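# A closer look at the structure
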Amino acid sequence: MLPRRFPQMNVEMDNAARVIQHDLWPLNEIDPSTQKFPCCLVWTPLPVVSWLAPFVGHVAICREDGTIVDFSGDNMIHVGQLFYGAVARYYQVDRQQCCFARNFGGHTCHQGYLHAEFGTAISWDDSVQLSRRTFEHRNYNIFSCNGHSFTANCLNRLSYGGSLHWNMINVGALIMFKGQWVNGWSILRSLLPFIGMLCFGYFMIGWAFPISLFSFFLLIFGWYVLISYCCKIEDDD
(Lines give C-alpha, C1' and ligand atoms only; values in the text may rest on other atoms or scores of the structure.)
Protein backbone atom coordinates (compact mmCIF):
# COMPACT_ATOMS: atom_id res chain seq x y z
CA MET A 1 0.00 0.00 0.00
CA LEU A 2 2.83 2.42 0.79
CA PRO A 3 4.19 2.62 -2.78
CA ARG A 4 0.74 3.72 -3.94
CA ARG A 5 0.62 6.64 -1.49
CA PHE A 6 3.78 8.32 -2.70
CA PRO A 7 2.47 9.06 -6.23
CA GLN A 8 -0.67 10.53 -4.67
CA MET A 9 1.43 12.79 -2.46
CA ASN A 10 3.47 13.90 -5.48
CA VAL A 11 0.26 14.74 -7.35
CA GLU A 12 -0.96 16.85 -4.42
CA MET A 13 2.37 18.69 -4.26
CA ASP A 14 2.26 19.32 -8.02
CA ASN A 15 -1.27 20.68 -7.71
CA ALA A 16 -0.20 23.00 -4.89
CA ALA A 17 2.72 24.21 -6.98
CA ARG A 18 0.39 24.94 -9.90
CA VAL A 19 -1.87 26.98 -7.62
CA ILE A 20 1.08 29.08 -6.46
CA GLN A 21 2.28 29.61 -10.02
CA HIS A 22 -1.24 30.56 -11.08
CA ASP A 23 -1.32 33.31 -8.45
CA LEU A 24 1.91 34.77 -9.80
CA TRP A 25 0.60 35.57 -13.24
CA PRO A 26 3.02 37.11 -15.76
CA LEU A 27 3.61 40.83 -15.45
CA ASN A 28 3.45 43.36 -18.24
CA GLU A 29 6.67 44.87 -19.55
CA ILE A 30 8.14 47.88 -17.79
CA ASP A 31 7.22 51.01 -19.78
CA PRO A 32 8.92 54.24 -18.63
CA SER A 33 7.06 56.25 -21.30
CA THR A 34 3.77 55.62 -19.49
CA GLN A 35 5.36 55.38 -16.02
CA LYS A 36 4.34 51.74 -15.63
CA PHE A 37 6.68 49.65 -13.47
CA PRO A 38 5.00 46.36 -12.44
CA CYS A 39 6.03 45.16 -8.95
CA CYS A 40 8.84 47.68 -8.78
CA LEU A 41 10.34 50.01 -6.24
CA VAL A 42 10.87 53.37 -7.96
CA TRP A 43 13.10 56.33 -7.08
CA THR A 44 13.42 59.95 -8.13
CA PRO A 45 15.71 62.75 -6.88
CA LEU A 46 14.33 65.40 -4.55
CA PRO A 47 14.66 69.11 -5.40
CA VAL A 48 17.55 70.80 -3.55
CA VAL A 49 18.06 67.88 -1.12
CA SER A 50 19.43 65.56 -3.83
CA TRP A 51 21.62 68.38 -5.11
CA LEU A 52 23.52 68.19 -1.82
CA ALA A 53 23.17 64.46 -1.17
CA PRO A 54 22.53 62.51 -4.41
CA PHE A 55 21.89 59.25 -2.54
CA VAL A 56 18.83 60.85 -0.93
CA GLY A 57 15.65 60.71 -2.99
CA HIS A 58 11.99 59.82 -2.95
CA VAL A 59 10.81 56.19 -3.16
CA ALA A 60 7.45 54.65 -4.01
CA ILE A 61 6.13 51.19 -4.81
CA CYS A 62 4.12 49.98 -7.81
CA ARG A 63 1.19 47.59 -8.11
CA GLU A 64 1.23 44.52 -10.33
CA ASP A 65 -0.28 46.49 -13.21
CA GLY A 66 2.60 48.98 -12.94
CA THR A 67 0.65 51.84 -11.31
CA ILE A 68 2.76 53.90 -8.91
CA VAL A 69 1.46 54.24 -5.34
CA ASP A 70 3.29 57.08 -3.60
CA PHE A 71 3.16 58.24 0.04
CA SER A 72 3.95 61.88 -0.64
CA GLY A 73 2.41 64.02 2.11
CA ASP A 74 0.48 64.15 5.35
CA ASN A 75 -2.31 61.56 5.15
CA MET A 76 -1.89 61.56 1.36
CA ILE A 77 -1.26 58.71 -1.04
CA HIS A 78 -0.60 59.78 -4.63
CA VAL A 79 -1.57 57.18 -7.28
CA GLY A 80 -0.42 57.13 -10.90
CA GLN A 81 2.91 58.95 -10.78
CA LEU A 82 5.61 60.11 -8.42
CA PHE A 83 4.79 63.39 -6.71
CA TYR A 84 8.35 64.73 -7.10
CA GLY A 85 8.94 63.90 -10.76
CA ALA A 86 9.35 61.07 -13.24
CA VAL A 87 10.98 57.80 -12.21
CA ALA A 88 14.76 57.91 -12.54
CA ARG A 89 15.68 54.51 -11.10
CA TYR A 90 13.75 51.30 -10.45
CA TYR A 91 14.14 47.82 -9.03
CA GLN A 92 11.73 45.02 -9.96
CA VAL A 93 10.95 42.74 -7.02
CA ASP A 94 11.00 38.97 -7.46
CA ARG A 95 7.58 37.80 -6.21
CA GLN A 96 8.98 34.29 -5.71
CA GLN A 97 10.82 35.70 -2.68
CA CYS A 98 7.58 36.98 -1.11
CA CYS A 99 5.52 35.10 1.47
CA PHE A 100 1.83 35.23 0.54
CA ALA A 101 0.25 33.68 3.64
CA ARG A 102 -3.49 32.96 3.38
CA ASN A 103 -3.43 31.34 6.82
CA PHE A 104 -0.93 30.58 9.56
CA GLY A 105 0.03 27.28 7.96
CA GLY A 106 0.58 28.91 4.59
CA HIS A 107 3.80 30.76 5.43
CA THR A 108 6.72 30.05 3.14
CA CYS A 109 9.10 32.21 5.21
CA HIS A 110 10.82 30.89 8.33
CA GLN A 111 9.24 33.32 10.78
CA GLY A 112 5.55 32.63 10.46
CA TYR A 113 4.52 33.85 13.93
CA LEU A 114 6.41 37.16 13.70
CA HIS A 115 5.17 37.67 10.15
CA ALA A 116 1.56 37.05 11.20
CA GLU A 117 2.01 39.40 14.15
CA PHE A 118 3.33 42.19 11.93
CA GLY A 119 0.60 41.72 9.32
CA THR A 120 0.52 39.52 6.24
CA ALA A 121 -0.80 39.90 2.69
CA ILE A 122 -2.27 37.34 0.31
CA SER A 123 -0.92 39.06 -2.81
CA TRP A 124 1.41 41.82 -3.91
CA ASP A 125 -1.43 44.28 -4.49
CA ASP A 126 -2.98 43.34 -1.16
CA SER A 127 0.27 44.33 0.57
CA VAL A 128 0.29 47.69 -1.19
CA GLN A 129 -3.36 48.30 -0.31
CA LEU A 130 -2.90 47.39 3.37
CA SER A 131 0.12 49.66 3.71
CA ARG A 132 -1.77 52.41 1.91
CA ARG A 133 -4.57 52.24 4.47
CA THR A 134 -2.01 52.50 7.26
CA PHE A 135 -0.10 55.46 5.84
CA GLU A 136 -3.23 57.38 4.91
CA HIS A 137 -3.38 58.20 8.62
CA ARG A 138 0.25 59.22 9.05
CA ASN A 139 2.04 62.55 8.80
CA TYR A 140 4.82 62.75 6.23
CA ASN A 141 8.32 63.58 7.43
CA ILE A 142 11.32 63.39 5.13
CA PHE A 143 13.57 62.40 8.03
CA SER A 144 11.48 59.73 9.73
CA CYS A 145 8.25 58.75 7.94
CA ASN A 146 8.52 58.99 4.17
CA GLY A 147 8.26 57.02 0.94
CA HIS A 148 11.05 54.69 2.06
CA SER A 149 9.05 53.89 5.19
CA PHE A 150 5.93 53.18 3.16
CA THR A 151 7.83 50.85 0.83
CA ALA A 152 9.52 49.09 3.75
CA ASN A 153 6.12 48.48 5.33
CA CYS A 154 4.95 46.75 2.15
CA LEU A 155 8.04 44.54 1.96
CA ASN A 156 7.70 43.57 5.62
CA ARG A 157 4.09 42.51 5.05
CA LEU A 158 5.42 40.20 2.34
CA SER A 159 8.44 39.07 4.38
CA TYR A 160 10.40 39.76 1.18
CA GLY A 161 13.60 37.75 1.07
CA GLY A 162 12.58 36.14 4.36
CA SER A 163 13.13 39.41 6.25
CA LEU A 164 10.88 41.50 8.48
CA HIS A 165 13.54 44.16 8.99
CA TRP A 166 13.09 46.35 5.93
CA ASN A 167 13.59 50.04 6.70
CA MET A 168 14.68 53.30 5.09
CA ILE A 169 18.34 52.28 4.93
CA ASN A 170 18.09 48.86 3.27
CA VAL A 171 15.25 49.94 0.97
CA GLY A 172 17.42 52.81 -0.28
CA ALA A 173 20.44 50.51 -0.61
CA LEU A 174 18.38 47.96 -2.57
CA ILE A 175 17.43 50.55 -5.18
CA MET A 176 20.84 52.24 -5.32
CA PHE A 177 22.93 49.08 -5.65
CA LYS A 178 20.59 46.72 -7.49
CA GLY A 179 18.27 49.10 -9.31
CA GLN A 180 18.50 50.25 -12.92
CA TRP A 181 18.47 53.72 -14.43
CA VAL A 182 15.53 54.43 -16.70
CA ASN A 183 17.73 56.13 -19.32
CA GLY A 184 20.69 58.45 -19.75
CA TRP A 185 18.64 61.56 -19.03
CA SER A 186 17.68 60.10 -15.65
CA ILE A 187 21.36 59.82 -14.75
CA LEU A 188 22.03 63.40 -15.78
CA ARG A 189 19.12 64.96 -13.91
CA SER A 190 19.99 62.94 -10.81
CA LEU A 191 23.73 63.60 -10.66
CA LEU A 192 24.43 66.72 -12.72
CA PRO A 193 23.05 69.24 -10.15
CA PHE A 194 25.23 67.68 -7.43
CA ILE A 195 28.34 67.71 -9.65
CA GLY A 196 27.64 71.30 -10.67
CA MET A 197 27.17 72.44 -7.08
CA LEU A 198 30.29 70.57 -5.98
CA CYS A 199 32.41 72.23 -8.67
CA PHE A 200 30.92 75.66 -8.00
CA GLY A 201 31.54 75.36 -4.24
CA TYR A 202 35.11 74.18 -4.77
CA PHE A 203 36.01 77.07 -7.08
CA MET A 204 34.33 79.61 -4.81
CA ILE A 205 35.44 78.36 -1.38
CA GLY A 206 38.04 75.67 -1.99
CA TRP A 207 38.42 72.36 -0.21
CA ALA A 208 36.33 73.59 2.71
CA PHE A 209 33.18 73.11 0.62
CA PRO A 210 33.61 69.39 -0.29
CA ILE A 211 34.76 68.68 3.28
CA SER A 212 31.64 70.38 4.64
CA LEU A 213 29.51 68.51 2.13
CA PHE A 214 31.04 65.19 3.18
CA SER A 215 30.29 66.05 6.81
CA PHE A 216 26.70 66.74 5.77
CA PHE A 217 26.58 63.28 4.14
CA LEU A 218 27.72 61.65 7.37
CA LEU A 219 25.20 63.63 9.41
CA ILE A 220 22.28 62.68 7.15
CA PHE A 221 23.33 59.05 6.94
CA GLY A 222 23.83 58.84 10.71
CA TRP A 223 20.36 60.25 11.31
CA TYR A 224 18.70 57.71 9.03
CA VAL A 225 20.63 54.87 10.69
CA LEU A 226 19.48 56.11 14.10
CA ILE A 227 15.84 56.33 13.05
CA SER A 228 15.86 53.02 11.15
CA TYR A 229 17.63 50.80 13.66
CA CYS A 230 16.88 52.44 16.99
CA CYS A 231 13.44 54.05 16.71
CA LYS A 232 11.96 51.88 13.91
CA ILE A 233 9.10 54.31 13.38
CA GLU A 234 8.14 52.73 10.06
CA ASP A 235 7.24 49.43 11.74
CA ASP A 236 4.65 50.90 14.05
CA ASP A 237 1.11 50.37 12.77
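Residues numbered from 1 in each chain as written. Predicted model: local features only at pLDDT ≥ 70, side-chain atom pairs only at ≥ 80, totals over all residues. Heavy atoms only, no water.

## Overview of the overall build of the protein chain
Spelled out, the test is: Only runs of H or I of at least four residues qualify as helices and only runs of E of at least two qualify as strands under DSSP, and these elements are numbered from the N terminus. Each residue's exposure class comes from its accessible area (1.4 Å probe, protein chains only) as a fraction of the maximum for that residue type: buried when under 20%, exposed when over 50%, partly exposed otherwise. Residue contacts follow a heavy-atom distance rule, with two residues in contact if any of their heavy atoms lie within 4.5 Å.
Summing up its helical and strand segments, the protein chain has eight helices and six strands in all. Going from N to C terminus, the protein chain has its helices and strands arranged as α-β-α-β-β-β-β-α-α-α-α-β-α-α. Counting every position in the protein chain, which comprises 237 residues, the buried fraction comes to 43%. A separation threshold of at least 6 residues defines the contact pool for the protein chain, and within that pool the share at least 24 residues apart is 65%.

## As for the packing of helix α4 (residues 124-135) against helix α5 (residues 147-157)
When two helices pack together, you describe them by how their axes are tilted relative to each other and by the distance separating the axes. Counted only if it meets this: For helices, the fitted axis covers only the stretch in contact; all axes are lines through C-alpha atoms, and the angles between them, taken along N-to-C directions, range from 0 to 180 degrees. Oblique is the label for every angle not falling under 35 degrees (roughly parallel), over 145 degrees (roughly antiparallel), or within 65 to 115 degrees (roughly perpendicular). The sense of a crossing depends on the near helix, which, turned anticlockwise from the far helix by less than a right angle, makes the crossing left-handed and, turned clockwise, makes it right-handed. The nonpolar class holds Ala, Val, Leu, Ile, Met, Phe, Trp, Tyr, Cys and Pro. Asp, Glu, Lys and Arg form the charged class, and all remaining residues, Gly among them, are polar.
At a minimum axis distance of 9 Å, the contact between α4 and α5 shows a crossing angle of 135°. The angle between the axes of α4 and α5 places the two elements in the oblique class. The handedness of the crossing between α4 and α5 is right-handed. In contact with W124, S127, V128, L130, S131, R132, T134 and F135 of α4, α5 contributes S149, F150, N153, C154, L155 and R157. Its residues assigned to classes, the contact of α4 with α5 comprises seven nonpolar, five polar and two charged.

## Quick look at the side chain of D70
Threshold: Lys and Arg are tallied as positive, Asp and Glu as negative. Neither His nor the chain termini are counted. By definition, a salt bridge exists where a carboxyl oxygen of Asp or Glu is found within 4 Å of a side-chain nitrogen of Lys or Arg.
The topology assignment puts D70 in strand β3 (residues 68-73). With no salt bridge to any partner, buried D70 finds its closest opposite charge in R132, at an N-O distance of 11 Å. Setting aside anything within four residues of it in sequence, one finds D70 in contact with H58, V59, A60, M76, I77, H78, Q81, L82 and F83.

## Examining α4
Side chains that are three or four residues apart share a direction in an α-helix, a result of its 3.6 residues per turn. Stated formally: One less than the number of residues in a helix, times 1.5 Å, gives the span that helix is expected to have. Summarising the geometry, the arc corresponds to the directions from the helix axis toward the C-beta atoms.
Here α4 is twelve residues long and its end C-alpha atoms lie 17 Å apart, about the 16 Å a rise of 1.5 Å per residue gives. Residues of α4 that are buried: W124, S127, V128, S131, T134 and F135. Taken around the axis of α4, the buried residues stretch over an arc of 125°, which confines them to a single face. Of the surrounding elements, those touching the buried residues of α4 are β1 (40-45), β2 (57-62), β3, β4 (76-79) and α5.

## Some remarks on α5
Definition in use: Under the rule applied, a polar contact is a pair of N or O atoms within 3.5 Å (in protein, one hydrogen donor and one hydrogen acceptor; residues adjacent in sequence only if both atoms are side-chain atoms).
Across the eleven residues that make up α5, a large majority, eleven, are buried. Within α5, burial applies to G147, H148, S149, F150, T151, A152, N153, C154, L155, N156 and R157. Along its buried surface, α5 packs onto β1, β2, β3, α3 (112-118), α4 and α6 (168-178). The backbone nitrogen of H148 has a side-chain oxygen 3.0 Å away, supplied by the residue at the start of α5, namely N146. Following α5 by one or two positions, S159 has its phi on the positive side, about 45°.

## Brief notes about the sheet that holds strand β5 (residues 89-92)
For clarity, the cut-off: By this definition, two strands are paired if DSSP reports at least two bridges between them.
Strand order in the open sheet formed by six strands is β4-β3-β2-β1-β5-β6, with antiparallel pairing between adjacent strands. The sheet terminates laterally at β4 and β6 (180-181), the two strands that pair on one side only. With two bridges connecting them, β5 and β6 associate as antiparallel partners. Within β6, the residue paired with Y90 across the bridge is Q180. Strands β1, β2 and β3 of the sheet are contacted by α5, whose axis makes an angle of about 30° with β2. This element, helix α7 (residues 184-205), spans β1 and β6 of the sheet and lies at about 50° to β1.

Keep in mind these values describe shape, not function.
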